[in-house]
Structure formats: structure tokens, C-alpha cells
Amino acid sequence: MISPRLAQAALRALGALCAGALLWLAAPQAASAQGRLEARYEATLAGIPVGKGAWTIDIAEDQFSAAATGGTSGLLKTFAGGSGTGASQGRVVNGALAPTNYSASTTTSKKSETVHMVLSNGNIREYGIEPVPPVDLDRIPITEAHRRGVNDPMTGSLLRVPGNGELLTPDTCRTSIPIFDGRMRYDLKLDFKRMETVRSEKGYQGPVIVCAVYFSPVAGYIPDRAVIKYLAAQRHIEIAFAPIAGTRVLVPYRMVIPTPLGNGVLEATQFVTTATAHAPAKTQ
């Protein structure tokens, strides 16, 4: 018999991954990166709509910003209703994304929570959760070392491909990314799976690269939690990435997560991406 509690926990945790705990290649090679994305997503469980969201990303020559909103809908809303927002801002340094601030808020029928982080050069300088969560002695503690050389979840969802060659190649997927979300430190390991062609209802039509994703918890989690065991054992999570025009940055177009109740799918219905013009050089 399927445990509804496990199913809900798996969906919540994997929904958080969709919101940003994905991947980021931080190879600091110079590259033109000026573009904008306006996307809308629909989440389904076993083919039944359960949520909707929106994502806006702006990448300029020297700075970037990303913001997302989402919430449950339909049947899921009746027993696990909730909504959330997330945002990240930072600099573009030699073509690489360098986040400086991250925040996320979630609201359910039981509680509301806000996470904030300040980053510098891939290190967490300041972070907090409000309200402060209770101490759980079974939770593997986060050390200072766990907060170094990491990505925030929102920036972590932007896959930057270094160099000047083809964007969508098998090597694009072959990476492992450290993530810190304010509570848990984990790695996301990727590998190439296949190429596809997609056609959104509005906007992007063209190739995407599909990467397999493997979740590996490091610290800040409770080992006996069923959802942690479930995620760590999964071998069929996958993400399809599409490019932001004018940049070397790829964004999740679709994510597929097996759950005890069937496949959970987060997929773009609108994926409008445009290259923006370079700012004119200043003159005396």
C-alpha cells in the first residue's frame, strides 16, 4: 500500500529541487551573456494537473536576476495546498554567474517560512530561516566547510556552458554540483541521457538536452527520513534543458520525478526567451 505521507513528502522535496536545487557550471570563461526569459510551468502528477508556476530571468553584461512563483492547484490543493516564491541576484564575472543574494518563502495551511542567504565567491556569508526551526538532534549538523564552494538553489538551476562551442552536447550534462538551500547541503550529480525536440504552447520550439539527475545528501538532513531515502535511491529523475537566447545559459524546460503515485512532471507551457542588445559604449 502506498503511503500518502511519503508521496506528499517526495513531491514537496522534489518540488523544491524544481525551484532551483539543480545545477550550475561555474567555469569562469568570458562569454556574451545578455538575454531574458519569461516562462510559465504546469505541474502534473500521473497526468493530473496539481500546480502552476512562473519564472523570469534577466541576464545582463555585468549582473543577473531570477525570480519564481508557484503554487498547488486542483486535487493536490485540497490536502497539501501551498505557494512559494524565490529570487536570486548577483554579478556576471567573466561570463560566469556569481550570486550575492538569495531568498525563498513558502506558505502552507500549517506554516509559513522564509529563507535568506548572502553569498560571496561561492561561500555563504550569512543565512537564516524564519521562524527559526526547532533543533533536531538526529539532523546531521551543517559545518562551516559545508557552506563553502556551494550554489544557492535559484542560481543553481541555471546551467552555464563554458567556451564558445555547441551548447547542447553530452558533456554539458556531465557534472556534479554542490547545493546549500539554507537548511540542507547536498550534491546533484548529472549525466547525459538523450536529445529531444520540444514545442511549447508559446515561445521556444527546438532542441533540448535531457540529463539524468542523482540526489546525494551531505549534511543538514535526518538520515531516517523516508523522503531522503526515497530521493537518494532514485535513478530515474531527469531534467530537459533549453537555452536562453543571447547567452550560454540553459534553463530547466521539463523535470520528471518518479513518485509512489506516478510520475511528477514540471514542464514549461510558455518559454519566451529573447536576446537583449549590448549596452552602447560610453563616450566622453
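A quick note: this is a predicted structure, and the numbers were derived from the prediction, not measured.

A. Representation of the nonpolar core. The biggest cluster of nonpolar side chains holds 34 residues, and the ones touching the most others in it are Trp55, Ile57, Val251 and Phe271. If near-sequence neighbours (up to four positions away) are discounted, Val251 is found in contact with Leu37, Tyr41, Trp55, Ile57, Ser157, Leu158, Ala240, Phe241, Ala242, Ile244 and Phe271. Core analysis: the next-biggest nonpolar cluster, separate from the first, contains 26 residues, Leu167, Leu168, Ile179 and Tyr221 among them.

B. Highlighting the confidence of the model for the chain. Averaged over every residue, the pLDDT of the chain is 83; the share at 70 or more is 82%. Confidence drops under pLDDT 50 across residues 1-7; counting only partners more than four residues distant or on other chains, this segment forms eight contacts. Note on residues 75-80: pLDDT is under 50 here. Beyond four places in sequence and across chains, it has six contacts.

C. View of the environment of Ala67. Along the chain, Ala67 turns up in strand β3 (residues 63-72). Taking the C-alpha atoms as reference, Ala67 lies 8.8 Å from Gln89; in sequence the two are 22 residues apart. Ala67 has contacts with Ala54, Trp55, Thr56, Gly86 and Ala87, leaving out every residue within four places of it along the chain.

D. Summary view of the environment of Gly246. If you trace the backbone, Gly246 turns up in the loop between β13 (237-243) and β14 (249-259). A relative accessible area of 38% means that Gly246 is categorised as partly exposed. Residues Gly246 and Gln34, spaced 212 residues apart in sequence, show a C-alpha to C-alpha distance of 5.5 Å.

E. Spatial organisation of the environment of Gly206. Tracing the backbone shows Gly206 in strand β12 (residues 205-219). Considered as a pair, Gly206 and Pro243 are 37 residues apart in the sequence and their alpha carbons are 9.7 Å apart. Among residues more than four places away in sequence, those in contact with Gly206 are Glu196, Thr197 and Val198.

F. Focus on unusual backbone geometry. Of note, the bond from Glu130 into Pro131 is cis; its omega dihedral lies within 30 degrees of zero at -10°. Tracing the chain through its elements places Pro131 in the loop between β7 (123-130) and α3 (153-156). Within the chain, Ala46 stands out as a residue other than glycine whose phi angle is a positive 55°. Tracing the sequence through the fold places Ala46 in the loop between β1 (35-45) and β2 (48-59). Notably, Asn121 is not glycine yet its phi reads approximately 55°, a positive angle. In this fold, Asn121 is placed in the loop between β6 (112-120) and β7. Given the relative accessible area of 62%, Asn121 is considered exposed.

G. Local environment of the pairing of β2. Both β1 and β2 contribute to a ladder of 11 bridges, which runs antiparallel. For Glu38, the partnering residue across the bridge sits in β2 and is Thr56. The turn joining β1 and β2, which pair antiparallel and follow one another in sequence, is formed by two residues; a positive phi near 55° is taken by Ala46.

H. Local environment of helix α5 (residues 226-233). Taken together, the buried positions of α5 are occupied by Val227, Ile228, Tyr230 and Leu231. The arc that holds every buried residue of α5, seen down its axis, measures 165°, which confines them to one face.

I. Structural detail: the pairing of strand β10 (residues 185-199). Two elements, strand β9 (residues 175-180) and β10, share six bridges in a ladder whose sense is antiparallel. Each residue of the ladder has a partner; that of Thr175, found in β10, is Leu190. Counted between consecutive antiparallel strands, the loop separating β9 from β10 contains four residues, among which Gly182 sits at a positive phi close to 100°. The pairing of β10 with β12 spans 14 bridges and is classified as antiparallel.

Cut-offs applied
- Residues numbered from 1 in each chain as written.
- Predicted model: local features only at pLDDT ≥ 70, side-chain atom pairs only at ≥ 80, totals over all residues.
- Heavy atoms only, no water.
- Core = buried A, V, L, I, M, F, W, Y, C linked by side-chain atoms within 4.5 Å.
- Buried < 20%, exposed > 50% of the residue type's maximum accessible area, 1.4 Å probe, protein only.
- Contact = heavy atoms within 4.5 Å.
- pLDDT = per-residue confidence, 0-100.
- Helix = DSSP H or I, 4+ residues; strand = E, 2+ residues; numbered from the N terminus.
- Pairing = 2+ DSSP bridges.
- Arc of directions from axis to C-beta.

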